Structure formats: C-alpha cells, structure tokens
Amino acid sequence: MMIRQVTIALLFVFGAGGALADDAQIRKVVESKLGGVKVEGIQPGPMGLYEVRFRGPNGMQVVYTDANATHIFLGKIYETGNDRDVTEERLRKLNAIKFESLPLEQAVKIQRGDGKRVLAMFSDPYCPACRQFEQTLQQLNDVTIYVFMFPVIRPELADQSKAVWCSPDRAKAWIDVALRGKPPATKPTCANPVEKNLELGKSLGVNSTPTLIFSNGERVAGGLRIADLTEILNGSKR
C-alpha cells in the first residue's frame with residue numbers, strides 16, 4: 001500500500017527495546033503535549049517503541065514514544081520490506097466495529113456480480129473525494145456496497161439524498177448523483193433514513209467522507225486505490 005502521508009521520518013531508534021515503559025510518565029507527557037487528550041492504553045509497538053492510544057475526532061489514534069516519553073513520534077511507520085503501512089493497519093483494528101451491528105436497512109444497496117465481497121460506506125455526493133472513489137468502485141465486480149448517505153458537505157442539498165431513497169431504483173439514482181452529478185427527478189417526499197444516517201455517523205465517530213467499513217469490521221477514513229481496496233475486500237470477505 002502506498003504512503004499517503006508521513007509527518008515524521010524515523011531515522012533512528014532510541015534504545016527503548018531493552019527498557020520497561022514508564023506508563024505513568026508516558027501518560028502524563030502525552031496528555032500534556034497533545035492538548036489534553038485522554039490516553040486509553042499503552043503497549044509495546046514496532047521498532048522497540050511504545051504505542052500510545054487515545055480517542056480523537058476521527059476515532060482511536062496512536063502515537064509512539066520511547067520508554068520514558070522523552071520523544072513523541074507523530075505519523076506513520078511504514079515497513080518497506082513487506083510494503084506495509086503498519087500504523088494504518090493498526091488503526092483499522094482499533095477503530096473496528098461489528099459489521100453485523102450496522103443498520104443495513106438504512107443504506108442504499110448496490111450489488112454487482114455474485115455480491116460476495118461486502119463493503120459499507122458513509123458517503124456524500126458533494127464530497128470530491130467521494131466522487132473520485134465512486135470512479136474506483138466502478139472497477140469492482142462481485143461486490144455488495146451498502147451506501148449510508150451522509151450529506152454533510154452541503155447540508156442544504158440533503159433533499160437530493162432523500163430523493164435517491166424515494167427513487168424506484170435507488171442504486172441507479174445514487175450512482176447518477178454521486179458519480180455523474182445528476183440529481184434524482186423523484187421528489188424527496190417519502191420516509192427516508194438520511195437523518196438517522198447522520199446520527200449513526202455521529203455515534204460511530206465518522207468525521208470524513210468517504211468512510212469505509214469492511215465485513216471484518218475494519219474502518220478506513222478516505223478512499224483507496226483499486227489495488228488496495230481489492231486486497232482488503234478479498235481478505236475480509238465473508
């Protein structure tokens with residue numbers, strides 16, 4: 001998987017591997033230096049560092065420290081030998097939810113092929129990243145996509161999402177507006193789940209679109225390249 005953002009390069013590692021973590025010191029320093037966050041857990045991490053977990057606006061976040069928090073490492077650790085974004089993989093697990101707990105009846109269902117691979121996403125038709133990701137989704141087959149319409153970019157146009165739900169072919173209506181920018185002709189007068197989706201997203205800490213949830217519960221904020229998306233779908237299919 002490609003590196004999309006790295007805020008700090010780890011050029012060398014302090015001798016943390018042979019030292020026991022001072023949990024109280026790590027907690028005190030991280031909470032103080034990161035604006036009063038509440039540390040929820042500390043454990044050994046990659047490269048002899050310690051992983052420090054706390055909840056932020058986008059769900060669970062991690063930073064890394066040495067044993068006494070004399071240094072805080074912000075950003076991602078990327079394992080070049082195996083081409084792995086170690087931090088991103090960890091965040092997916094920390095922010096995982098039970099796929100079965102999602103109220104799928106509130107989502108627009110789009111099925112292609114046998115539909116065995118499953119993906120849920122919170123998406124806004126007026127989110128540029130969502131529109132770009134819709135182009136990626138067109139390359140997938142044998143997949144079922146549950147779209148929780150989440151109109152937060154331009155709330156004044158939420159009626160278009162409601163009209164998608166009222167359309168005779170919801171899947172087509174969604175693709176028309178989200179991919180092609182063509183609003184539904186149907187009036188938004190039927191009962192719809194858009195407000196419920198907004199509340200659901202808030203309860204799950206969804207703060208960016210698209211937000212993807214895979215059948216194994218792992219969550220990704222933002223779109224993915226087709227190769228990365230396919231790899232995750234194949235690994236998490238039920």
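A brief report on the enclosed structure follows. (Residues numbered from 1 in each chain as written. Predicted model: local features only at pLDDT ≥ 70, side-chain atom pairs only at ≥ 80, totals over all residues. Heavy atoms only, no water.)

Section: the overall build of the protein chain
If you tally the helices and strands in the protein chain, you get 7 helices and 11 strands. Principal-axis analysis of the C-alpha atoms gives the protein chain an extent of 65 × 35 × 30 Å. Going through the 238 residues of the protein chain one by one, you find that 47% of them count as buried. In the protein chain, once contacts between residues fewer than 6 apart in sequence are set aside, the share between residues at least 24 apart is 66%. (Helix = DSSP H or I, 4+ residues; strand = E, 2+ residues; numbered from the N terminus. Buried < 20%, exposed > 50% of the residue type's maximum accessible area, 1.4 Å probe, protein only. Contact = heavy atoms within 4.5 Å.)

A word on the pattern of salt bridges
Under the defined criterion, the tally for this structure stands at 15 salt bridges. Among the salt bridges present, the one from Arg90 reaches Glu51, with a minimum N-O distance of 2.8 Å. One end of the pair, Arg90, is in helix α2 (residues 86-94); the other, Glu51, is in strand β2 (residues 50-56), and 39 residues separate them in sequence. Two residues, Glu156 and Arg154, come together in a salt bridge whose shortest N-O distance is 3.2 Å. A relative accessible area of 55% means that Glu156 is categorised as exposed. In the salt-bridge network here, residues are joined through shared partners; they are Lys76, Asp85, Glu88 and Arg92. (Salt bridge = Lys/Arg side-chain N within 4 Å of Asp/Glu carboxyl O.)

Some thoughts on the state of the cysteines
In the structure shown here, the tally under the stated rule is 1 disulfide. The side chain of Cys166 participates in a disulfide bridge whose partner is Cys190; the two sulfur atoms lie 2.0 Å from each other. Note on the Cys166 and Cys190 pair: the S-S dihedral is about -100°, so by sign convention the disulfide is left-handed. Within this pair, whereas Cys166 is found in helix α4 (residues 158-166), its partner Cys190 is found in the loop between α5 (170-180) and α6 (194-203), the two being separated by 24 residues in sequence. (Disulfide = S-S within 2.5 Å.)

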